[in-house]
Amino acid sequence: MARLSPSSLAVAQEIISRYPVARSALIPLLHLAQEQDGHVTEEAMAHIAELVGVAPAEVMGTCSFYEMLKRAPVGEYMVNICNGISCHLLGSSELIHHAEATLGVKPGGTTDDGKITLEAVECIAACTEAPCLQVNYRYRNRVSITDFDRLVDDLRAGTAGVAPHGKLAMVRQHIGDDRRAGAAPPDGQGQPAWLARNPSDAEAGP
Amino acid sequence: MSDQETSVNITVNGQPVQAVPGEWVIAAAERAGVYIPRFCYHPRMSSVGMCRMCIVDIDTGRGPALQPSCMVAVSENMVVDTTSEQTRKAQDGVLEFLLLNHPLDCPVCDKGGECPLQDQTMAYGPGESRFVEEKRHFEKPIPVNSLVYLDRERCILCDRCTRFADEVAGDPLITFQDRGDQTQVNTFPDLPFSSYFSGNTVQICPVGALTAVPYRFKARPWDLTEVESTYPNPMGDRVVVQASRDQVLRYQGVDSDAVNWGWLTDKDRFAFEAGASDLRLKTPLVRGTPLGRFDPAGQELVEATWGQALSGAAEAIKAAVADKGPHSVAVLGGARLPNEDQYAWARLAKGVIGTDHVDAQLDDGLPAHAVIGLPRATVSRACAPGGTVVLLAPDPKEEQGTLYLRLRHAIVNDGVQLIELTPRATGLSHLAAFRLHHRPGEAAAVAAALMGGHIEAGPDGAIGGVAAVDVAAAAVAIADRSDKPITVVLGRPSLAESADFTVGAAAELSRFANLLSAGGRPGIAFLPALHRGNVFGALDMGLAPGLLPGRISLAEGGPALTESWGSVPAAPGVGARGILQAAAEGRIDVLILLGVDPLGDFPDRRLAEEALSGAGVIVASELFLNPSSARAHIVFPAAGFAERRGTHTNLEGRITAQRQVVTPPGTARADWAIAAELARRLGADFGFSSPEDVWDEIARVAPSHRGLSLEAIEAAGDGALVADSSIAFAPPEGITPVPAVDAYSLRLVAARRMYDRGTLVQHAPSLAGLAPGAVLALNPYDFDRVGVEPGAVVQVISSGGEVQAPVQADPGVPRGTAALGYNHPDLDVRDLVDPGTAVTDLRVQTR
């Protein structure tokens, strides 16, 4: 696993074709690389740099800014337990302690089987559902210790219905040729091709 | 500037100031004598407002407010207060923040004593920090390349180095990473900051985060003595030369508006190491007995006194002239010497000895008439907004680093359109409006079509290998912009082909100069880009066959100069190739080499070899023993850059001063003194006792330099431009068209790279290892045709000989062409170049 595989490359090229300037595709391509390998490898960054025509250091500069783009291997499932104020008041610290004990790792660590990486995170904006956590950025609300144990069992068994780390959507978006703005930069193009498809939009437009 | 439309009235600290519209407040204030402290702002780069140090009170009619003066443009009636209590408090606070993570290791930091952070903390900062927590920690200096170390703990994240890499050099190989509370500057893992310009980041770093390996821990700023001088490269980059204990330790670029804008290439910046090399010649050497008596039959070079060496040389010259006449003496080289030294040698050769067999170039440049006979451009003209630059030269990134930076800036920021008329891609290709990459040897056909609009494509729909539609489009683009200056950068794009092709292309371009300059339009001018430091001074000082000092021909200037010199050569001589041929045939009794190495540098090595064997007595004036001077019979140790005073002429014809800061090693002398001393022993008294005396004579006798005083050069700031020339460009006649390249062959392009086998590079320890590996570069589509695999080591065969080299794919090389670096330490392209053919065709086969 290193550079983008032929199938990833085909997707990458489709993503690049959506943007008037290739480097705009940088972040979607980093997600694609993470989907392929579970994390963003240096080789993938170098490959992306080639694809969008920037220096590898610039790809690194962007990639390292985003916490969600992992540059070292993580488990198949990232379990992020919130430790914000609401969650803390409703027992997230106990939940974290329990997770440490059951999984045998500290926050930031990955279990020996490579399945689960535990992280303690700041507020994930679901305070009404505290204590909450995310599994590969999918929410689990009002998590009790029992819920957590069941979750771990499901994750290990592969029955939790959560895609492996890096996969952002179960369905990949495809933009048909008829919906594209075209190869030219958008300015001076007049009305985009897709706008006329919905008559009410076209009327509401400027 | 007092014009209403071109000025904006602002008030700075109560003083009325006239500013230029669009100017930043920080720049306007500085011109008015008010220095606003700053770290990230740099006048040659875009403003980013990273450091917040330049925050001052700015009132644009809504009351004073703190604003970063590097991000606010002047506006009418703006009131700026840099001394208000509010400003003072803001500066104090910014400095306290900047110092949160900055280690207080000034006593062991190289920047201490010349550190903007240190200075401004003293001037504007708080006396104490309230921060008691742990500072950020990073691994202490990490190399970002082999020349520059980065200490991330000291970095204040001003974005100067990263901005330089991206905006100025175009090598964005260092960036901010881990942005957040752990922001750091770094390279991509295992991909070093391999830029030719990395040393500039050290110079502009406002703290001690970036340090240059050759200078680290060598001196304290207050121990340095310094002079402002001109680095002897063709661009004439202005530098400050800093020395301590009689040793040059550092060059810093000086922001000269006309030339280098403060930038230097790493090759030039760190070449000072060569000056201090142990291998420098310190005493005269003669071939003879251990007592130093000159004996041409002697086997070994032994140390001698100056008297012995000079009289040995004088006797040899006298004997040669008496025996076979003055043209049995020849002078090669001198292109790296200051103007004064070149003039003294020219007068010795032409006025005293009477030989016109004098050539500063080694048949690897352009004929003198193509340099001083064509209308000359300046760098500023080439970079004028909206203009056109035609690149008919080798890659400026490899050979003329600071010119590359100026051109790059003009293309990116000032809308200059670049039209490449080169045999392969260059460092500017990705910015070029038109890339007319022609087949080697066929530039003239493309140039003719470009300027004349007569497009007669061959059966392949191409002219000289360039698609006719591209040439036509470029021709339209040139015509459309002909109300703005058109500048041709003119050099030798390849040493594997005859110079006639380039001169022929220049002739085609110049043919339309009158047409394009009609109706008050600026027309075409030429900016020659040749190799070797002061080659343009050498041509102006008459170190070329048929020329006399002051851009005048022997025939035209001879009578006038005879009055000052006593005599001039009776007949024109020949250039480097002719001299070496004559030597090979035994017609040269004394061959004088002025800092040149024909064995290493002359494009036809076999001829150079035969010439050195066939020459009677070889006299060399040199910094080092090189393969050629090691074969000399008499060697004078010469003083190098920073060891002597003089003047330098750059590619524009701009004359600037060079100054001395250290003493030459041993008994080495400046070349003007060697020439004068030799002349005295030949019965001619030049009356020179200083380089200033030599200059006075140049200003008296050289027509183009007449009346130009050293005071005027100094006073002009950016130097004085010499514009007059009475030399006429002579378009070459009857160039035989090159034959078509056959289906199995590739046509060779050989051009210099920045790091090569050159004397200075090889004697500077920090630079010697930087030459890239020798590779034969082919277009990716040619591998199948010639039947080799990328990466394979192949046998390269031409009519001149054969070599082995790995092949690599390079899309910048057009199909049918192959590219090799000239003067590479490992691979000698001259083994392939056949002097009998105008272009070099080669075949490759697997071993």
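As the structure is a prediction and not an experimental result, all values here were calculated from the model.

## Comments concerning the overall build of chain A
Phase 1: A tally of regular secondary structure across chain A gives eight helices and four strands.
Phase 2: Starting at the N terminus and walking to the C terminus, you meet the elements of chain A as α-α-α-α-β-α-α-β-β-β-α-α.
Phase 3: Carbon and sulfur atoms provide 55% of the accessible area of chain A, an area that totals close to 11000 Å².

## Concerning unusual backbone geometry
Phase 1: Cis geometry is found at the peptide bond from Ala130 of chain A to Pro131 of chain A, where omega equals -10°.
Phase 2: Relative to the assigned elements, Pro131 of chain A resides in the loop between strand 2 (116–121) and strand 3 (133–135).
Phase 3: Despite not being glycine, Asn136 of chain A has its phi angle at roughly 45°, a positive value.
Phase 4: Assignment of secondary structure puts Asn136 of chain A in the loop between strand 3 and strand 4 (138–140).
Phase 5: Its identity as a non-glycine residue notwithstanding, Phe217 of chain B has a phi of 60°, on the positive side.

## Some words on the packing of helix 2 (residues 26–37) of chain A against helix 3 (residues 42–52) of chain A
All names here are of chain A.
Phase 1: Here helix 2 crosses helix 3 at 145°, and the two axes come no closer than 10 Å. The hand of the helix 2/helix 3 crossing is right-handed. Seen from helix 2, the contacting residues are Leu26, Leu29, Leu30 and Ala33; seen from helix 3, they are Ala44, Met45, Ile48 and Val52.
Phase 2: For the contact of helix 2 with helix 3, the per-class residue count stands at eight nonpolar, no polar and no charged.

## Notes on the interface of chain A and chain B
Phase 1: Contacts between chain A and chain B engage 13 residues on the former and twelve residues on the latter.
Phase 2: It is Ala57, Met60 and Phe65 of chain A that lose the most area in chain A upon contact with chain B, and together they represent 38% of the buried surface on that side.
Phase 3: Ionic pairing is found between Arg71 of chain A and Asp178 of chain B, a salt bridge with its closest N-O pair at 2.6 Å.
Phase 4: Between chain A and chain B we count three residue pairs in polar contact (both at pLDDT 80 or more) in total.
Phase 5: Examining the composition of the side of chain A that touches chain B, we find that six residues originate from one element, helix 4 (residues 56–63) of chain A, more than from any other.
Phase 6: Within the side of chain A that touches chain B, the residues separate by chemical class into seven nonpolar, three polar and three charged.

## A word on the pairing of strand 18 (residues 388–392) of chain B
All names here are of chain B.
Phase 1: By the criterion of burial, strand 18 is predominantly enclosed, with five of the five residues buried.
Phase 2: The side-chain alternation of strand 18 yields two buried faces, one formed by Thr388, Val390 and Leu392 and the other by Val389 and Leu391.
Phase 3: As paired strands, strand 18 and strand 19 (residues 417–420) are joined by four bridges and run parallel to one another. Counterpart to Val389 in the pairing with strand 19 is Leu418.
Phase 4: With five bridges connecting them, strand 18 and strand 23 (residues 486–490) associate as parallel partners. Across the sheet, the residue bridging to Val390 is Val488, located in strand 23.

## A word on the confidence of the model for chain A
Phase 1: Mean pLDDT for chain A: 88, with 87% of residues reaching 70 or above.
Phase 2: For residues 201–206 of chain A, every residue scores under 50 in pLDDT, and the model assigns this stretch three contacts once sequence neighbours within four places are set aside.

## Section: the packing of aromatic side chains
Aromatic ring pairs: the centre-centre distance and the angle between the two ring planes describe each pair.
Residues and elements named next belong to chain B.
Phase 1: Going through the model one piece at a time under the given rule, you end up with twelve aromatic pairs over all chains.
Phase 2: Measuring from centroid to centroid gives 6.5 Å for Tyr196 and Phe197, while their planes differ by 70°, and the two rings are edge-to-face. Across the pair, Phe197 and Tyr196 agree in class, each one buried.
Phase 3: Among the aromatic residues, ring-to-ring pairing joins Tyr196, Phe197, Tyr404 and Tyr755 into one connected group.

## Topic: helix 3 (residues 116–124) of chain B
All names here are of chain B.
Phase 1: The set of residues buried in helix 3 consists of Leu117, Gln120 and Thr121. Looking straight down helix 3, one finds that the buried residues subtend no more than 105° of arc, so they occupy a single side. For helix 3, the exposed residues lying more than 90 degrees away from the buried face are Met122 and Ala123.
Phase 2: Against the buried residues of helix 3 lie helix 2 (85–98).

## What to know about the sheet that holds strand 7 (residues 148–150) of chain B
Residue and element names in this part refer to chain B.
Phase 1: Pairing in this open sheet of three strands is antiparallel, and the strands run 6-7-10 from one edge to the other. A single partner strand is all that each edge strand has here, and the edge strands are strand 6 (142–143) and strand 10 (210–212).
Phase 2: With three bridges joining them, strand 7 and strand 10 adopt antiparallel strand pairing. Across the sheet, residue Tyr149 finds its bridge partner in strand 10, namely Thr211.

About the cut-offs
Residues numbered from 1 in each chain as written. Chains lettered and ligands numbered in written order. Predicted model: local features only at pLDDT ≥ 70, side-chain atom pairs only at ≥ 80, totals over all residues. Heavy atoms only, no water. Helix = DSSP H or I, 4+ residues; strand = E, 2+ residues; numbered from the N terminus. Areas by Shrake-Rupley, 256 points an atom, 1.4 Å probe, with all protein chains shown as cover. Axes fitted to C-alpha atoms, helices over the stretch in contact; angles between N-to-C directions. Left-handed = near helix turned anticlockwise from the far one by under 90°. Contact = heavy atoms within 4.5 Å. Nonpolar A, V, L, I, M, F, W, Y, C, P; charged D, E, K, R; others polar. Buried area = accessible area lost by both parts, 1.4 Å probe. Salt bridge = Lys/Arg side-chain N within 4 Å of Asp/Glu carboxyl O. Polar contact = N/O pair within 3.5 Å; in protein donor to acceptor, adjacent residues only side chain to side chain. Buried < 20%, exposed > 50% of the residue type's maximum accessible area, 1.4 Å probe, protein only. Pairing = 2+ DSSP bridges. pLDDT = per-residue confidence, 0-100. Phe/Tyr/Trp six-rings, centres within 6.5 Å; stacked < 30°, edge-to-face > 60°. Arc of directions from axis to C-beta.

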